[in-house]
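Read off the chains here:
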Amino acid sequence: MTASMRCGIVLHPAGHTRSPAMHTAAYAALGLDADYRAFDVPPADLPDAVARLRAEGVRQFAVSIPHKESMMNFVDELEPVGRAIGAINTVTLEGNRWIGTNTDWIGALRALERAGPVDGRRAVVLGAGGTARALIYGLRERGCSVFVLNRTIERAQSLVDELGATEAGPLERFPDLAPELVINTTSVGMNEDRSPIDAAWLSKGMTVLDAVYAPEETRLLADAKAAGAHPVGGKWMLVHQAVEQLRRWTGLLDDAPAEADYARMPEIMANAFDAADR
Ligand SMILES: NC(=O)c1ccc[n+]([C@@H]2O[C@H](COP(=O)([O-])OP(=O)(O)OC[C@H]3O[C@@H](n4cnc5c(N)ncnc54)[C@H](OP(=O)(O)O)[C@@H]3O)[C@@H](O)[C@H]2O)c1
């Protein structure tokens, strides 16, 4: 048995998070002695909270809303991907230094790849907030053309300029673009029966990922299924970004898990996500 690991997630409010259940299931399946807790940290408490985590022996933690951007100010080193995206969701104490990085982008790519290849495809990202930034970065890394459509066009335009996407526009541009990949990063559909786009704009062969994961089948995903497109739930983005965190943290151990062990983790974490919902 490896020495006990103390991990967690820093967010606010903490009520709804399923991350502790997902990570705890993964550690148990790997036979690792670890605990993973939710730390509810209001924005004003963030500087003290980071110091407190260190004092309590927490050496690795996830970062969620609303701290993904502000946490960049409290790490000793930002990995280039975190700097490029402008947000971090993963912090690891290496030696005496907190290192910040981002796994949302790779989680989203792995989720899309569950439905088919991503490289070089024509993609539409709906939304221009923090999650859109991670998606645009990832899709550009894979050589995709990326159209960013948002209610507030100026926000989409600044992401296009900053992250080197193809073009910005309003949501109504969608039908002209004939995308192969569609990713919703707006909050539309969260705990409501609403889609950010018209169902008639979706068609057979498209892959549609909704970052929203509550409900599990959003209106957008139901419309995608009805249109013969490939729907991918936000649960899978959440699961795959968590697997990449796990890889980062356990990969540093003397007896790090084997690749075959990591390959089992998405299903294990997804089952824990489902169970936490009941
Ligand atoms: N599955 C995962 O692993 C994962 C990871 C991260 C986030 N998420 C989810 O992704 C969603 C977005 O998170 P975020 O942090 O990127 O949020 P954010 O930074 O607040 O951005 C919200 C986006 O939604 C748009 N929007 C909000 N209300 C709208 C409306 N009524 N009509 C049209 N557009 C609207 C905003 O448009 P404006 O610019 O016009 O305001 C903006 O583009 C959340 O539901 C979050 O839970 C999931």
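The shown structure was predicted, so the numbers you read here are calculated from the model rather than taken from an experiment. (Residues numbered from 1 in each chain as written. Predicted model: local features only at pLDDT ≥ 70, side-chain atom pairs only at ≥ 80, totals over all residues. Heavy atoms only, no water.)

## Observations concerning the domain arrangement of the protein chain
What the domain assignment lists for the protein chain is domain 1 (5–102 + 236–277) and domain 2 (106–232). The straight-line distance from the C-alpha centre of domain 1 to that of domain 2 is 25 Å. When the buried surface of domain 1 facing domain 2 is broken down by residue, Ile85, Met237 and His240 rank first, second and third, together holding 39% of it. If you look at where domain 1 meets domain 2, you find 2 salt bridges. Applying the counting rule to domain 1 against domain 2 returns 4 residue pairs in polar contact (both at pLDDT 80 or more). With 6 residues, the top contributor of residues to the side of domain 1 that touches domain 2 is helix α9 (residues 234–250). Of the residues in the side of domain 1 that touches domain 2, the class split is 8 nonpolar, 5 polar and 5 charged. (Domains from an automatic or database assignment. Buried area = accessible area lost by both parts, 1.4 Å probe. Salt bridge = Lys/Arg side-chain N within 4 Å of Asp/Glu carboxyl O. Polar contact = N/O pair within 3.5 Å; in protein donor to acceptor, adjacent residues only side chain to side chain. Helix = DSSP H or I, 4+ residues; strand = E, 2+ residues; numbered from the N terminus. Nonpolar A, V, L, I, M, F, W, Y, C, P; charged D, E, K, R; others polar.)

## Thoughts on the pairing of strand β3 (residues 60–63)
Both faces of β3 are covered, namely the face carrying Gln60 and Ala62 and the face carrying Phe61 and Val63. As judged from the 3 bridges shared by β3 and strand β5 (residues 90–94), these two strands associate in the antiparallel manner. By the bridge assignment, Phe61 is partnered in β5 with Val91. (Buried < 20%, exposed > 50% of the residue type's maximum accessible area, 1.4 Å probe, protein only. Pairing = 2+ DSSP bridges.)

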